[in-house]
Amino acid sequence: MSNVHSPSLVVENVTFHYDEDDKILENENLAVHGPGLVTILGPNGSGKTTFFKVILGLLKPQTGKIFLNGEEVTGNPVKAGRHAALVPQLTAVRRDLPVTGAEIIEFVLRSRRQCSGKSCKEKLRELVEIVGAENYYKKKLSEMSGGQLQRILIARALATGSSILLLDEPFSGIDPGGREYIVDFLRKTSREKLILLTTHDPVLTINSSKMIVIFNKGVKAYGSPDQIFTLDLLRKAYGSSVLMIERCLHVVG
Ligand SMILES: Nc1ncnc2c1ncn2[C@@H]1O[C@H](COP(=O)(O)OP(=O)(O)OP(=O)(O)O)[C@@H](O)[C@H]1O
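Residues numbered from 1 in each chain as written. Predicted model: local features only at pLDDT ≥ 70, side-chain atom pairs only at ≥ 80, totals over all residues.

## Let's talk about the overall build of the chain
Phase 1: Secondary structure summary: the chain contains eight helices and twelve strands in total.
Phase 2: Its C-alpha atoms give the chain a radius of gyration of 18 Å, within 12% of the compact-globule value 18 Å for 253 residues.
Phase 3: Referenced to the eigenvectors of the C-alpha coordinate spread, the extents of the chain come out at roughly 55 × 40 × 35 Å.
Phase 4: Relative to its 253 residues, the chain shows a buried fraction of 39%. (Helix = DSSP H or I, 4+ residues; strand = E, 2+ residues; numbered from the N terminus. Rg over C-alpha atoms; globule rule 2.2 N^0.38 Å. Buried ≥ 20, exposed ≤ 12 C-beta atoms within 10 Å, placed from the backbone.)

## Considerations on the site of the ligand
Phase 1: Neighbouring the ligand are the residues Tyr18, Ile24, Gly42, Asn44, Gly45, Ser46, Gly47, Lys48, Thr49 and Thr50.
Phase 2: Per-element tally for the shell around the ligand: the top contributor is helix H1 (residues 48–55), with three residues.
Phase 3: For the shell around the ligand, a count of residues per class yields two nonpolar, seven polar and one charged. (Near = placed C-beta within 6 Å. Nonpolar A, V, L, I, M, F, W, Y, C, P; charged D, E, K, R; others polar.)

## Here we look at the domain arrangement of the chain
Phase 1: In terms of domains, the chain is made up of domain 1 (1–83 + 163–253) and domain 2 (95–161).
Phase 2: Relative placement of domain 1 and domain 2: their C-alpha centres are 25 Å apart.
Phase 3: With eight residues of domain 1 at the interface, the matching set in domain 2 holds seven residues.
Phase 4: Here the element with the most residues in the side of domain 1 that touches domain 2 is helix H6 (residues 176–189); it accounts for three residues.
Phase 5: Residue composition of the side of domain 1 that touches domain 2, by class: five nonpolar, two polar and one charged. (Domains from an automatic or database assignment. Contact = placed C-beta atoms within 7 Å.)

## Points about unusual backbone geometry
The bulk of non-glycine residues show a negative phi, and the bulk of peptide bonds are trans.
Phase 1: At Asn13, a residue that is not glycine, the phi angle is positive and equals roughly 50°.
Phase 2: Locating Asn13 in the fold gives a position in strand E1 (residues 8–19).
Phase 3: Note on Asn13: 13 C-beta atoms within 10 Å, which makes it partly exposed.
Phase 4: At Asn69, a position not held by glycine, the phi torsion is positive, near 50°.
Phase 5: As for its position among the elements, Asn69 is in the loop between strand E4 (63–68) and strand E5 (71–72).

## With respect to the pairing of strand E3 (residues 36–41)
Phase 1: Most of E3 sits inside the fold, with five of its six residues counted as buried.
Phase 2: For E3 and strand E8 (residues 194–199), the ladder comprises six bridges, and the chain directions are parallel. Residue pairing in the sheet places Leu41 in a bridge with Thr199 of E8.
Phase 3: Alignment of E3 against strand E9 (residues 211–215), held across four bridges, turns out to be parallel. Residue Val38 lies in a different strand from E9, and its bridge partner there is Met211. (Pairing = 2+ DSSP bridges.)

## Remarks on helix H3 (residues 101–111)
Residue pairs spaced three or four apart in an α-helix point in one direction, given the helix's 3.6 residues per turn.
Phase 1: Every buried residue belonging to H3 is among Gly101, Ile105, Glu106, Val108 and Leu109, and all of these are buried. Looking straight down H3, one finds that the buried residues subtend no more than 160° of arc, so they occupy a single side.
Phase 2: Those residues of H3 hidden inside the fold are in contact with helix H4 (119–131) and helix H5 (146–159).
Phase 3: Immediately downstream of H3, the backbone of Arg113 shows phi near 50°, a positive value. (Arc of directions from axis to C-beta.)

The structure is reproduced here in structure tokens:
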């Protein structure tokens, strides 16, 4: 059952494929207990988004089980949604819907019973302040920049009250100021929640992460940043064209 004090994710012997000849996950195991930040690194098309969808019950694995906060949620998005919320990649978001940031955040607050009556406006304002969206949260999504929309999507995920957040490439298309803001938000929020994020830019979160996962059609390695940030392990995910300079990852050629 949900336990806000001790969020946890357990992936047990999970196999998933869209096409039987191309396994995205093969007998994967991963366990993360307690709050903190987990950075998932992996090249394009390596299955990171698919992994998130399996964790969120949106895709049912062919074998294995997913537990969120101790409850089995395999292939069940309703159960998984009680524990975890997704901040999707900006490219996966429909921006043509005629809704405002305020409306989508308040809708989630009410439907998840995180507020009632007038307290919803206060709660909405609180979340908007947390993500620094005071100046534009009443605009339509279609009128927002990518960075503004990203913050609204983070507030929407927070509105669920979930103790586990999954952020899919939150830095993609965001300017340096916006990235710095998100890093700071992650650092603070990961004191209470378990946050998993995918990125191609590990340098932004490496110092704040309790775990780094090297991912390429499965979990290739995981551990603390010091254990993981070795050339050999990074080459397992990115191939031999990886260069590492002062803990920055470069893929050449
Ligand atoms: N609905 C689908 N049906 C069939 N194949 C899919 C589907 N979604 C993704 N794939 C394939 O699964 C593989 C992994 O895709 P996925 O989007 O999970 O990778 P990713 O690591 O998140 O990529 P990126 O870093 O580019 O976002 C890719 O080869 C992709 O083409």
